[in-house]
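# Coordinate inspection notes
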There are 2 protein chains.
Amino acid sequence: MKLSTKSRYGARLMLDMAQHYQDGPIHLANVAKRQGISAKYLEQIIIPLKKANYIRSVRGPKGGHALTRPPEEITVGEIVALLEDSASLVACSDNPGVCERSPVCPTRSIWQEAAQAMFDKLNTITLADLLHRGQSPAGKAQELRRVL
Amino acid sequence: MKLSTKSRYGARLMLDMAQHYQDGPIHLANVAKRQGISAKYLEQIIIPLKKANYIRSVRGPKGGHALTRPPEEITVGEIVALLEDSASLVACSDNPGVCERSPVCPTRSIWQEAAQAMFDKLNTITLADLLHRGQSPAGKAQELRRVL
DNA sequence: ATAATCTATATTAAATTTATATAGAATGGA
DNA sequence: TCCATTCTATATAAATTTAATATAGATTAT
């Protein structure tokens, strides 16, 4: 039931790009460095995000990647559903045929309800929200100390 | 992000036991047969449920397993948290030390909130609720036809 | 005794995850 | 034009986890 690194890294990738939304295309290598994630792995993670048109890319020197939409219009839920390949907790939610018991299974609906509750929450959180929340409370305290 | 078979089978095991709550200890082999799950695998899944005192067992002929509490007092959320080893979507929820970025990570809290939303839902569903819900709508229709 | 049932541990096969590696395509600028 | 830079595509591999199966043992009603 753990999230894959694709979702976790993908969310951080998208947030990093949101933080540089004003700067035009940014180098994936820089994201990788800032986030402490393998650049090669990020290159794989970015593929579905490009295919789903969250990101546009420019090749060559001075090239890079940029969000196609403002951070206000992209939710964490969309990113997770995309990178996990689905917004469901069990295969039979997307495809009842995988299990012959689907039509009479008393537990099937609860997994759907649980996934729904989870994505209802994640769908309310935009990249812009994360930008403004900033860090965790502990991080906020550090920032405050730095300012004072 | 998929649930493991341990949780899925474990929930069906517990529901099956709830359905036979009146019958005293039941044979795991019968649960396995009814549910179409490997008996040997169920024997492994039942171990944490016994350790957490959801189930008491009797050895020998006429032995078996029984719930220690009525189906009204056991939620699906408890079962999943137990069999998934945790109620979190990321390791840093249970142990911030696994990632040095935990104190300043802007994404960490959202995974906690998502897991919370999911378990808030699952914790409201008891085995008794599932008994009374019965099957899926399609299953209900079948049952109705059988009765008429 | 012995057959039935649960218990404990070890092993293994398959699938998935998490990368790394290699070669290629596009392009801005010298 | 050429070349360094950056993204793209595909292949490969190592590690981990999942999902079982296998074997031997413990308990107990009859």
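Details of the structure are given in the entry above.
In this report, we go over the structure that sits alongside the text.

Reading the values: the criteria
Residues numbered from 1 in each chain as written. Chains lettered and ligands numbered in written order. Predicted model: local features only at pLDDT ≥ 70, side-chain atom pairs only at ≥ 80, totals over all residues. Heavy atoms only, no water. Least-squares fit on C-alpha atoms with pLDDT ≥ 70 in both. Contact = heavy atoms within 4.5 Å. Salt bridge = Lys/Arg side-chain N within 4 Å of Asp/Glu carboxyl O. Helix = DSSP H or I, 4+ residues; strand = E, 2+ residues; numbered from the N terminus. Buried < 20%, exposed > 50% of the residue type's maximum accessible area, 1.4 Å probe, protein only. Buried area = accessible area lost by both parts, 1.4 Å probe. Polar contact = N/O pair within 3.5 Å; in protein donor to acceptor, adjacent residues only side chain to side chain. Nonpolar A, V, L, I, M, F, W, Y, C, P; charged D, E, K, R; others polar.

Here chain B sits on chain A after a turn of 180 degrees about the axis and a move of 0.0 Å along it, with an RMSD of 0.0 Å. Taken together, the rotation and translation relating the two chain copies correspond to the operation of a two-fold axis. A shared binding surface is used by both copies, with 100% of the interface residues of chain B retained as interface residues in chain A.

What follows concerns the pattern of salt bridges. Evaluated as defined, the whole model comprises eight salt bridges over all chains. Taking the shortest distance from any N to any O, the salt bridge between Arg69(A) and Glu78(A) comes out at 3.7 Å. Here Asp16(B) makes a salt bridge to Arg34(B), at a shortest N to O gap of 2.7 Å. Of this pair, Asp16(B) sits in helix α1 (residues 5-19) while Arg34(B) sits in helix α2 (residues 28-35), placing them 18 residues apart in sequence. The partly exposed category is assigned to Arg34(B), whose relative accessible area is 36%.

The next thing to look at is the interface of chain B and chain A. Counting from both sides, the interface comprises 47 residues of chain B and, opposite them, 47 residues of chain A. In total, chain B and chain A occlude about 3900 Å² of area from one another, counting both sides; carbon and sulfur atoms represent 66% of this. Taken as a group, Met1(B), Lys2(B) and Trp111(B) account for 19% of the area that chain B buries against chain A, more than any other trio of residues on that side. Seen at the junction of chain B and chain A, the total is two salt bridges. Counting across the chain B and chain A interface gives 16 residue pairs in polar contact (both at pLDDT 80 or more). In terms of residues, the side of chain B that touches chain A owes the most to one element, helix α6 (residues 108-122) of chain B, which gives 10 residues. A class-by-class count of the residues in the side of chain B that touches chain A yields 24 nonpolar, 13 polar and 10 charged.

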